[in-house]
Every structure is written in structure tokens, then in C-alpha cells.
Amino acid sequence: LRTIFVSPECHGRGIGREIMMALEDDEFFHRAKRIEIHASITACDFYRKLGYGFKDGVKKIGDDGCIHLEKYREES
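Parameters and conventions
Counting from 1, residues in each chain are numbered in the order their sequence is written. Totals for whole chains, interfaces and linings use all residues, but because this is a predicted model, local features are given only for residues with pLDDT of at least 70 and pairs of side-chain atoms are given and counted only at 80 or more. In computing side-chain properties, one takes all heavy atoms of the structure into account and sets aside hydrogens as well as water. Secondary structure counts use DSSP, requiring at least four H or I residues in a row for a helix and at least two E residues in a row for a strand, with both numbered from the N terminus. For a compact globule the rule gives 2.2 Å times the number of residues to the power 0.38, and the radius of gyration it is set against comes from C-alpha atoms. Categorising residues by exposure relies on relative accessible area from a 1.4 Å probe, with only protein chains included: less than 20% of the type maximum marks a residue as buried, more than 50% marks it as exposed, and the intermediate range marks it as partly exposed. Note on definitions: a residue-residue contact is assigned when non-hydrogen atoms from the two residues lie within 4.5 Å. Site definitions follow a grid-based scheme: protein atoms alone, a 1 Å grid, a 1.4 Å probe that fits but cannot get out for cavities, and for pockets an open set with protein on both sides within 12 Å along at least five of seven lines, plus lining residues having an atom within 4 Å of a point. Grid points are joined across faces, edges and corners, and a volume is the space filled by probe spheres set on the points. In this count, Pro and Cys sit with the nonpolar residues alongside Ala, Val, Leu, Ile, Met, Phe, Trp and Tyr, while Asp, Glu, Lys and Arg are called charged and the others, Gly among them, polar. Note: two strands are recorded as paired if DSSP finds a minimum of 2 bridges between them. Buried Ala, Val, Leu, Ile, Met, Phe, Trp, Tyr and Cys residues form a nonpolar core when they are joined through side-chain atoms within 4.5 Å.

Asker: It is not clear to me how the overall build of the protein chain should be interpreted in this structure. Could you clarify?
Answerer: Helix and strand content of the protein chain: 3 helices and 3 strands. Listed N to C, the secondary structure of the protein chain is α-α-β-α-β-β in terms of helices and strands. For 76 residues, the compact-globule estimate of 2.2 N^0.38 gives 11 Å, and the protein chain sits close to it at 12 Å. C-alpha atoms of the protein chain, sized along the principal axes, occupy 35 × 30 × 20 Å. Split into buried and exposed, the 76 residues of the protein chain put 33% on the buried side. Sequence separation of 24 or more characterises 51% of the internal contacts of the protein chain that already satisfy a separation of 6 or more.

Okay, structure coming up:
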């Protein structure tokens, strides 16, 4: 995933969580072992609450100005 945006006036309504739930229910997510997302500094905490961790365990801002997060799919 590159970056997901929700308009600031819509924050706190569960829209971002619903978008992420839909994306994580996609067949591509289920086939992947790992998902990476490039989060803005302000969205980092949101993704961390959804189970994403810092890529390679390191919190740093990439050349693209984003914090790279990753999530490993749970085996079922």
C-alpha cells in the first residue's frame, strides 16, 4: 500500500479503519506474507493501532517524507 488518506474533517469516524479492514480482506493481502505502508508522520499512530510496526523495527523518516511501516499476515 502506498498511502491512504481520509479528509481531516472526517477523522475519528472510523472511515480509515473501515478502508484498512476492506484492504486487508482483499485476496492480495491474504496471499502476501508482509504488507508495507508509507505513513505520514500524523498517521503513524493510526497504523500502529492497526498492528503495523516500524519497517525493520526502526522508526525513521524515509526519503519520501514518510515513515515506513509493515505488518506480517497472521498464518491461519
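Asker: How should the layout of surface pockets be read in this particular structure?
Answerer: Unoccupied space between atoms shows up once a probe the size of one water molecule is rolled over them. Approximately 370 Å³ is the volume found for the largest pocket. In this structure, the largest pocket is lined by 19 residues; those nearest its centre are Ile4, Val6, His11, Ala43 and Phe46. Those elements that provide at least two residues to the lining of the largest pocket are α1 (15-24) and α3 (44-49). Looking at the lining of the largest pocket, its residues break down into 10 nonpolar, 7 polar and 2 charged.

Asker: Please explain the environment of Met20 as it appears in this structure.
Answerer: As for its placement among the helices and strands, Met20 is situated in helix α1. Taking relative accessible area as the criterion, Met20 reaches 1% and is therefore assigned buried. Each C-alpha atom of the pair Met20 and Ile4 lies 8.6 Å from the other, and the pair is 16 residues apart in sequence. Ignoring any residue separated from it by four or fewer positions in sequence, one finds Met20 in contact with Leu1, Ile4, Phe46, Tyr47, Leu50 and Tyr52.

Asker: So what exactly am I meant to see when it comes to the pairing of strand β1 (residues 34-39) here?
Answerer: For a regular strand, the rule is simple: side chains alternate between the two faces of the sheet. Within β1, 5 of the 6 residues are buried, which leaves the element mostly enclosed by the surrounding structure. Both β1 and strand β3 (residues 67-72) contribute to a ladder of 6 bridges, which runs antiparallel. Its bridge partner being in β3, His38 is matched across the sheet by His68.

Asker: Help me understand the nonpolar core in this model?
Answerer: Across soluble globular proteins, nonpolar side chains have a tendency to be buried as a group. Counting 14 residues, the largest nonpolar core has Tyr47, Tyr52 and Leu69 as the members making the most contacts within it. Within the residue set of this core, elements represented by two or more residues are β1, α3 and β3. In terms of residue count, β1 provides more of this core than any other element does, 3 residues in total. The contacts of Tyr47, once residues within four sequence positions are left out, are Ile4, Met20, Ile37, Ala39, Tyr52 and Leu69.

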